[in-house]
Amino acid sequence: MAELNRIAVYTSGGDAPGMNACVRAVVRTAVANDLDVVGVRRGYEGMIEGDFVEMDGRSVSNIVQLGGTILKSARSDRFRTSEGRMQAAENLRKAGVDALVGVGGDGTFRGAVLFHEEHGFPIIGCPGTIDNDLFGTDETIGYDTALNTAIENIDRIRDTADAHDRLFLIEVMGRDAGFIALNCAIGGGAEMVLIPETIANLDDIKDRVLTLMLAQTRSSIVVVAEGEELGGAAALESAFRADPSFDSIDLRVCILGHIQRGGAPSARDRVLASRMGVGAIEALIEGHTNVMVGVQNGEVRLTTMRSVWSRKKNINFELLKLTQLLS
């Protein structure tokens, strides 16, 4: 790799609590190694527009506790084109950038690999996504905070559910993976969980829910991942209301949505993000590129970016059995 003097850091895709802690770690570790740092605002879109800002240790003071990302994020259709990537490369070269650190999910890493192959910039990725669905790390930045946010809201919903003997279908994020749904179902004491990794049979689900409501003669909570097979909580509600067996059941739907992305990152996410940010600069100094920094079994590990999206990260099916046992 060519001599490393100046790096750029950017956040891309959906925001995740802890991204700021990661940016802070990247900047301060770079400065400690006598590297200049440029921040790219709005991810790949900002790269194409040359929306850069000089960063130093003071520019990332007092951000470790903030949710969102001070560098902003955006999805860029223009970066999907060769012309867009060419413009981004030209802007980076004009800014004297030698290498990049990108914080985001699999879409961010796919773009990074393509960009490296076309224009040669060394790139290190830090996994920032609340879904926790990236291979190569036990947890992703933002997952722990989103999980705790979901559980806190489930606790509040259960209070009103118990007061009225209601059935609540609570939808959490997880378009392709059920990590949030599965773990907050256990932590929130839900009676059932529906996730993308399992095959859903509507009749079986109806029978199970009816049995639970009759047995408990009070409230029930069903946690639904947005990407589960039947189409999420709203689709499940429609199916229930169309069945006369549910006429006597007070049914409500609550979609937590983007509330799970916001708020101050948990201590766990702050520490995780900081370790990954430090690891990204160390990886660049050691000459690595096209790898993601992850933490596996408590140790910082590097995984090729292609493995991150080509290999599936499996849920813990023992936890799925646990939800059935405890319901």
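Calculation notes
Residues numbered from 1 in each chain as written. Predicted model: local features only at pLDDT ≥ 70, side-chain atom pairs only at ≥ 80, totals over all residues. Heavy atoms only, no water. Core = buried A, V, L, I, M, F, W, Y, C linked by side-chain atoms within 4.5 Å. Buried < 20%, exposed > 50% of the residue type's maximum accessible area, 1.4 Å probe, protein only. Helix = DSSP H or I, 4+ residues; strand = E, 2+ residues; numbered from the N terminus. Contact = heavy atoms within 4.5 Å. Salt bridge = Lys/Arg side-chain N within 4 Å of Asp/Glu carboxyl O. Expected span 1.5 Å × (residues − 1). Pairing = 2+ DSSP bridges. Axes fitted to C-alpha atoms, helices over the stretch in contact; angles between N-to-C directions. Patch = residues over 30% accessible without salt bridge, like charges linked within 9 Å, V, L, I, M, F, W, Y side chains within 5 Å. Areas by Shrake-Rupley, 256 points an atom, 1.4 Å probe, with all protein chains shown as cover. Phe/Tyr/Trp six-rings, centres within 6.5 Å; stacked < 30°, edge-to-face > 60°. Lys NZ or Arg CZ within 6 Å of the ring centre and 35° of its normal. Parallel < 35°, antiparallel > 145°, perpendicular 65-115°, else oblique. Nonpolar A, V, L, I, M, F, W, Y, C, P; charged D, E, K, R; others polar. Left-handed = near helix turned anticlockwise from the far one by under 90°.

1. Regarding the nonpolar core
Then comes step 1: Counting residues in each nonpolar core, the largest one holds 62 residues, and the members touching the most others are Ile7, Val9, Cys184, Ile221 and Val223.
Then comes step 2: The leading source of residues in this core is helix α5 (residues 143–164), at eight residues.
Then comes step 3: What Ile7 contacts, discounting residues up to four positions off in sequence, is Val26, Ala30, Leu35, Asp36, Val37, Val38, Val97, Ala99, Ile281 and Leu284.
Then comes step 4: Membership of the second largest hydrophobic core comes to 23 residues, among which are Ala8, Ala88, Ala89 and Phe109.

2. Structural notes on the pattern of salt bridges
Then comes step 1: Applying the stated criterion across every chain yields a total of 16 salt bridges.
Then comes step 2: Here Lys321 ties to Glu318 by a salt bridge, and the two come within 3.7 Å at their closest N and O atoms. Here Lys321 pairs with Glu318, and both are found in helix α11 (residues 317–326), just three residues apart, close to one helical turn.
Then comes step 3: One network of salt bridges, with partners in common, ties together Arg41, Arg42, Glu45, Glu49, Asp51 and Arg78.

3. Looking at helix α9 (residues 267–285)
In an α-helix, one full turn covers 3.6 residues, which means residues spaced three or four apart are oriented alike.
Then comes step 1: With 19 residues, α9 should reach 27 Å at 1.5 Å per residue; the first-to-last C-alpha distance of 28 Å fits that figure.
Then comes step 2: Asp269, Leu272, Ala273, Ser274, Met276, Gly277, Gly279, Ala280, Ile281, Ala283 and Leu284 are the residues of α9 that are buried.
Then comes step 3: Of the residues trailing α9, Gly287 is marked for its positive phi of about 95°.

4. Description of helix α4 (residues 106–119)
Then comes step 1: The terminal C-alpha atoms of α4, which comprises 14 residues, lie 20 Å apart, in line with the 20 Å expected from a rise of 1.5 Å per residue.
Then comes step 2: The first or second residue beyond α4 is Gly120, which carries a positive phi of 80°.

5. Re the sheet that holds strand β8 (residues 220–225)
Then comes step 1: Read across the sheet, four strands follow the order β7-β8-β6-β9 without closing on themselves; strand pairing throughout is parallel. For this open sheet the edge positions go to β7 (192–194) and β9 (250–255), each flanked by a neighbour on one side alone. With strand direction ignored, the average angle separating the axes of adjacent strands in the sheet is 20°.
Then comes step 2: Of the pairings in the sheet, the one linking strand β6 (residues 166–172) to β9 comprises six bridges and is parallel in character. By the bridge assignment, Phe168 is partnered in β9 with Arg252.
Then comes step 3: Against the sheet, helix α6 (residues 179–187) touches β6, β7 and β8, its axis set at about 160° to β8.

6. Topic: a nonpolar patch on the surface
Then comes step 1: Residues Leu322, Leu325 and Leu326 make up a contiguous nonpolar surface patch of about 310 Å² in total accessible area.
Then comes step 2: Among the structural elements, Leu326 can be located in helix α11.
Then comes step 3: On the basis of relative accessible area, Leu326 is assigned to the exposed category, the value being 57%.

7. Observations regarding the packing of aromatic side chains
Then comes step 1: Enumeration over the complete set of coordinates arrives at five aromatic pairs.
Then comes step 2: A ring pair is formed by Phe79 and Phe115, whose centres lie 5.5 Å apart and whose planes are at 50°; its orientation type is tilted. With Phe79 in the loop between β3 (52–55) and α3 (82–94) and Phe115 in helix α4, the pair connects residues that are 36 residues apart, well separated along the chain. Here the two residues Phe79 and Phe115 agree in accessibility, since each one is buried.
Then comes step 3: Ring centres of Phe240 and Phe246 lie 4.4 Å apart, and the angle between their planes is 10°; on these two criteria the pair is classed as stacked. Accessibility classification places Phe240 together with Phe246 in one group, the buried group.
Then comes step 4: Chaining the aromatic ring pairs together yields one cluster made of Tyr10, Tyr44, Phe79, Phe115 and Phe121.
Then comes step 5: The ring centre of Phe179 lies 5.4 Å from the NZ or CZ of Lys313, which sits over that ring.

8. Observations regarding the packing of α3 against α4
Then comes step 1: Across the interface, α3 lies against α4 with an axial gap of 11 Å and an inter-helix angle of 70°. With respect to α4, the axis of α3 lies roughly perpendicular. Counting all contacts with α3, which are made through Arg85, Met86, Ala88, Ala89, Leu92 and Arg93, the residues of α4 involved are Leu114, Phe115, Glu118 and His119.
Then comes step 2: Among the residues making up the contact of α3 with α4, the classes are represented as six nonpolar, one polar and three charged.

9. A few points about the packing of α5 against α6
Then comes step 1: Relative orientation of the contacting elements α5 and α6 amounts to 45°, with a least axis distance of 9 Å. Judged by the inter-axis angle, α5 sits oblique to α6. Of the two possible hands of crossing, α5 and α6 adopt the one that is right-handed. Only Phe179, Ile180, Asn183, Cys184 and Gly187 of α6 make contact with α5, whose side of the interface consists of Tyr143, Ala146, Leu147, Ala150, Ile151 and Ile154.

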